[in-house]
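# Report on the structure
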Amino acid sequence: MATHTDPVPGGRPGDAERATALRSQLSERDVHGIVLAFVDTAGVTRVKTIPTARLEQATAWGVGMSPVFDTFLADDSIVRAGELGSPDGDLRLFPDLDRLVVLAGQPGWAWAPVDRITQEGERHPACARTFLRRVVADAGRQHGLTFEAAIEIEWMIGLRSGTDDRFVPATSGPAYGATRQIELSDYVVELLAALAAQGVDVEQVHPEYAAGQFEVSVGPLDPVDAADRSVLVRQTIRAVAANHGLRVSFAPAVTAGGVGNGGHVHLSAWRDGTNLHSGGSRRYGMTAEAESFAAGLLAHMLALTAVTAPSPASYLRLRPSRWAGAFAVWGRETREAAVRVITGTTGRGGRAANLEVKPVDLAANPYLALGCLLVAGLDGLRSSMTLPQEVTGDPARFTGAEAEALGVRRLPTTLREAVGEFRGDGTLREALGPVLADAVTAVRLGEADAVAGLEDESVAAAYRWVY
Ligand code: GLU
Ligand code: MG
């Protein structure tokens with residue numbers, strides 16, 4: 001069971017004993033180093049590492065790191081947002097011992113996500129993991145709700161070709177084709193073994209649509225754990241690829257003009273062990289609360305893209321007719337809708353019914369993305385929002401007048417447009433708090449400025465090997 005409470009300088013009761021026991025177990029397993037990982041506002045995973053012998057010290061007092069990363073851009077340049085982005089100050093990274101895992105793809109290493117607090121022991125207002133923990137805890141307290149979440153991971157596998165930064169697919173053959181599974185057999189099976197050794201319950205892995213693209217889906221967890229897992233799974237995918245001389249990219253668009261990498265989010269709300277998305281009196285068995293939750297997601301979807309599709313490259317992916325969910329509509333099993341209602345197979349809905357949010361990619365900070373999606377859904381629930389008319393099929397087929405009559409809105413087509421929507425969304429900004437909301441705005445505008453005037457192919461190239 002997750003503790004998910006704020007770290008305390010000096011350690012919470014029991015922390016010291018846990019750290020000592022873990023340190024000796026790790027040493028026995030020849031683990032010499034521990035990766036401490038967090039995701040910055042731009043969506044880049046940043047790390048510090050410590051020798052295993054330092055685990056007790058790090059658990060009690062954290063590890064120092066500048067707050068400057070909250071306003072780092074994907075190219076490692078820095079923008080300012082209030083106090084953030086200056087060379088001053090320090091934060092402490094506290095590993096979550098409950099989530100420490102021995103990395104099967106990187107022998108000798110363990111990994112743990114961190115919470116970041118100030119030197120004075122206070123919550124750091126720009127810590128995305130702390131934000132998500134707070135949103136989940138508040139929903140439990142105020143509404144008696146818990147959530148299940150899972151983030152799908154799509155990635156492109158390329159050959160490592162000298163210093164050339166182009167993408168050369170590591171496999172050929174048709175989408176979903178057996179050829180690809182055969183050609184990358186050793187890599188994928190080693191990946192499955194590594195994930196299993198790390199306790200990740202993989203549901204399926206398959207060759208996806210684009211050249212060299214694969215996808216893995218994992219079982220649902222509490223949102224904080226689901227975000228942690230997304231970071232861990234990507235670390236593992238990359239590490240195992242490196243062992244095979246391969247290069248991977250989770251970038252939203254590895255090349256311009258084709259299908260991109262999505263990071264679709266599956267989300268369901270539960271009360272007292274009962275799934276609210278099944279067995280209710282509303283359409284497709286939704287309860288009134290589940291319908292309102294879905295309606296809240298849709299109502300905030302345009303602003304949400306500033307968080308769920310945070311890179312200029314995200315807008316090369318977020319285009320119609322690519323199953324990326326480029327329209328703010330919902331539909332049962334509709335893969336072009338931003339919100340796909342999944343009812344599950346007859347007889348299994350109580351377990352499997354959920355909402356899939358499509359306009360999310362893997363440049364998104366998973367903690368920010370899940371936190372903001374929950375905030376949007378909960379806003380719908382509080383205001384008893386109802387869903388508009390269902391839209392099935394590809395909304396791209398509608399003329400402008402038809403789309404307007406049906407209330408079909410296209411999601412932002414540029415990052416700058418998404419920031420405009422985000423700035424106008426008081427609910428999201430208030431939930432994030434001024435520091436985090438300003439960091440999101442400043443980083444997104446910084447990214448937009450960084451690629452101003454570039455052709456699509458150059459935008460794809462700029463982010464190709466960042467994520
Ligand atoms: N690659 C698509 C995307 O960009 C998703 C394909 C699928 O539905 O799995 O989101
Ligand atoms: Mg897919």
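Just so it is clear, the structure is predicted and the values come from calculations on it, not from any experiment. (Residues numbered from 1 in each chain as written. Chains lettered and ligands numbered in written order. Predicted model: local features only at pLDDT ≥ 70, side-chain atom pairs only at ≥ 80, totals over all residues. Heavy atoms only, no water.)

On a plain count of helices and strands, the protein chain comes out with 16 helices and 16 strands. Expected size for 467 residues packed as a compact globule is a radius of gyration near 23 Å; at 21 Å, the protein chain falls within 12% of this value. C-alpha extents for the protein chain along the principal axes are approximately 65 × 50 × 50 Å. Per-residue burial over the protein chain gives 58% buried out of 467 residues. Across the protein chain, contacts joining residues at least 24 apart in sequence account for 71% of those joining residues at least 6 apart. When the accessible surface of the protein chain is summed, it comes to about 18,100 Å², and 51% of that surface belongs to carbon and sulfur atoms. (Helix = DSSP H or I, 4+ residues; strand = E, 2+ residues; numbered from the N terminus. Rg over C-alpha atoms; globule rule 2.2 N^0.38 Å. Buried < 20%, exposed > 50% of the residue type's maximum accessible area, 1.4 Å probe, protein only. Contact = heavy atoms within 4.5 Å. Areas by Shrake-Rupley, 256 points an atom, 1.4 Å probe, with all protein chains shown as cover.)

On to the packing of aromatic side chains, then. In this structure the tally under the stated criterion is seven aromatic pairs. Measuring from centroid to centroid gives 6.4 Å for F38 and F69, while their planes differ by 70°, and the two rings are edge-to-face. Of this pair, F38 sits in strand β1 (residues 33-39) while F69 sits in the loop between β3 (63-65) and β4 (91-95); the two residues are 31 residues apart in sequence, bridging distant segments of the chain. Taking relative accessible area as the criterion, F38 reaches 5% and is therefore assigned buried. Overall, F69 belongs to the buried group, its relative accessible area being 16%. Ring centres of F69 and F72 lie 4.6 Å apart, and the angle between their planes is 45°; on these two criteria the pair is classed as tilted. (Phe/Tyr/Trp six-rings, centres within 6.5 Å; stacked < 30°, edge-to-face > 60°.)

Attention shifts here to the coordination of the magnesium ion (ligand 2). Around the magnesium ion (ligand 2), the protein contributes the donor atoms E154 (OE), E208 (OE) and E215 (OE), at 1.8 to 2.2 Å from the metal centre. Mapped onto the polypeptide sequence, the residues donating to the magnesium ion (ligand 2) form the spacing pattern E-x53-E-x6-E. Taken as a pair, E154 in strand β8 (residues 153-159) and E215 in strand β10 (residues 213-218) lie far apart in primary sequence, 61 residues in all. Across this residue pair, the class does not change: E154 and E215 are buried. (Donors = N, O, S within 2.8 Å, 3.2 Å for Na, K, Ca; no water.)

A few words now on the site of ligand 1. Near ligand 1 you find E154, E208, E215, V259, G260, G262, H264, R317, R322, W323, A324 and K358, and these make up its full shell. A distance of 2.7 Å separates a nitrogen atom of ligand 1 from a polar atom in the side chain of E154. A distance of 3.1 Å is found between an oxygen atom of ligand 1 and a side-chain nitrogen or oxygen belonging to E208. Computed on the free molecule, ligand 1 has an accessible area of 300 Å², of which 94% lies beneath the protein chains in the complex. Class assignment for the residues of the shell around ligand 1 results in three nonpolar, three polar and six charged. (Near = heavy atom within 4 Å. Polar contact = N/O pair within 3.5 Å; in protein donor to acceptor, adjacent residues only side chain to side chain. Nonpolar A, V, L, I, M, F, W, Y, C, P; charged D, E, K, R; others polar.)

Located in the positive-phi region is Y176, a residue other than glycine, with phi close to 60°. A positive phi angle, close to 60°, is found at W323, a residue other than glycine. Mapped onto the elements of the fold, W323 is located in the loop between α9 (314-317) and β14 (327-332).

Glancing now at the pattern of salt bridges. A complete count under the given rule lists 27 salt bridges for this structure. Residues E289 and R271 are paired through a salt bridge, measuring 2.6 Å at the closest nitrogen-oxygen approach. Taken together, the positions of E289 in helix α7 (residues 288-299) and R271 in strand β12 (residues 265-271) put the pair 18 residues apart, joining distant regions of the chain. Owing to a relative accessible area of 24%, R271 belongs among the partly exposed residues under this scheme. The network of salt bridges with shared partners includes D6, D96, D115, R123, R129, R133 and D228. (Salt bridge = Lys/Arg side-chain N within 4 Å of Asp/Glu carboxyl O.)

Before going further, it helps to examine the side chain of D379. Within the secondary structure, D379 sits in helix α11 (residues 366-382). In this structure, D379 is buried with no salt-bridge partner, the nearest side chain bearing the opposite charge being R382 at 5.0 Å. Each residue touching D379, except ones within four places of it in the same chain, is listed here: H300, M385 and T427. (Lys, Arg positive; Asp, Glu negative; His and termini not counted.)

We now examine the environment of G33. Along the chain, G33 falls in strand β1. For G33, a relative accessible area of 5% gives the class buried. Each C-alpha atom, one on G33 and one on T49, is 6.6 Å from the other, the two residues being 16 residues apart in sequence. Apart from residues no more than four positions distant in its own chain, G33 is found in contact with I50, P51, T52, G108, W109 and A110.

This part covers the packing of helix α8 (residues 301-308) against helix α13 (residues 415-423). Relative to each other, α8 and α13 sit at 120°, their axes nearing to 7 Å. Relative to α13, the element α8 lies oblique. Taken as a pair, α8 and α13 cross one another with a handedness that is left-handed. Seen from α8, the contacting residues are L302, A303, T305, A306 and V307; seen from α13, they are A418, V419, E421 and F422. Residues belonging to the contact of α8 with α13 are distributed by class as follows: seven nonpolar, one polar and one charged. (Axes fitted to C-alpha atoms, helices over the stretch in contact; angles between N-to-C directions. Parallel < 35°, antiparallel > 145°, perpendicular 65-115°, else oblique. Left-handed = near helix turned anticlockwise from the far one by under 90°.)

The angle between the axes and the distance between the axes are what describe a pair of packed helices. Two numbers describe how helix α6 (residues 223-243) lies on α11: the axes approach to 9 Å, and their chain directions differ by 150°. Taken together, the axes of α6 and α11 are roughly antiparallel relative to one another. At the point where α6 passes α11, the crossing takes the right-handed sense. Each of P223, V224, A226, A227, D228, S230, V231 and R234 in α6 lies in contact with α11, whose residues at this interface are P366, Y367, L370 and L374. Class assignment of the residues belonging to the contact of α6 with α11 gives a composition of nine nonpolar, one polar and two charged.

What follows deals with the nonpolar core. Inside soluble globular proteins, nonpolar side chains tend to come together where they are buried. Counting residues in hydrophobic clusters, the biggest one holds 121 residues, and the most contacted among them are W155, Y187 and I237. Looking at this core element by element, the count peaks at eleven residues for α11. Once residues within four sequence positions are removed from consideration, I237 is found in contact with I153, W155, Y187, L191, V216, V248 and F250. (Core = buried A, V, L, I, M, F, W, Y, C linked by side-chain atoms within 4.5 Å.)

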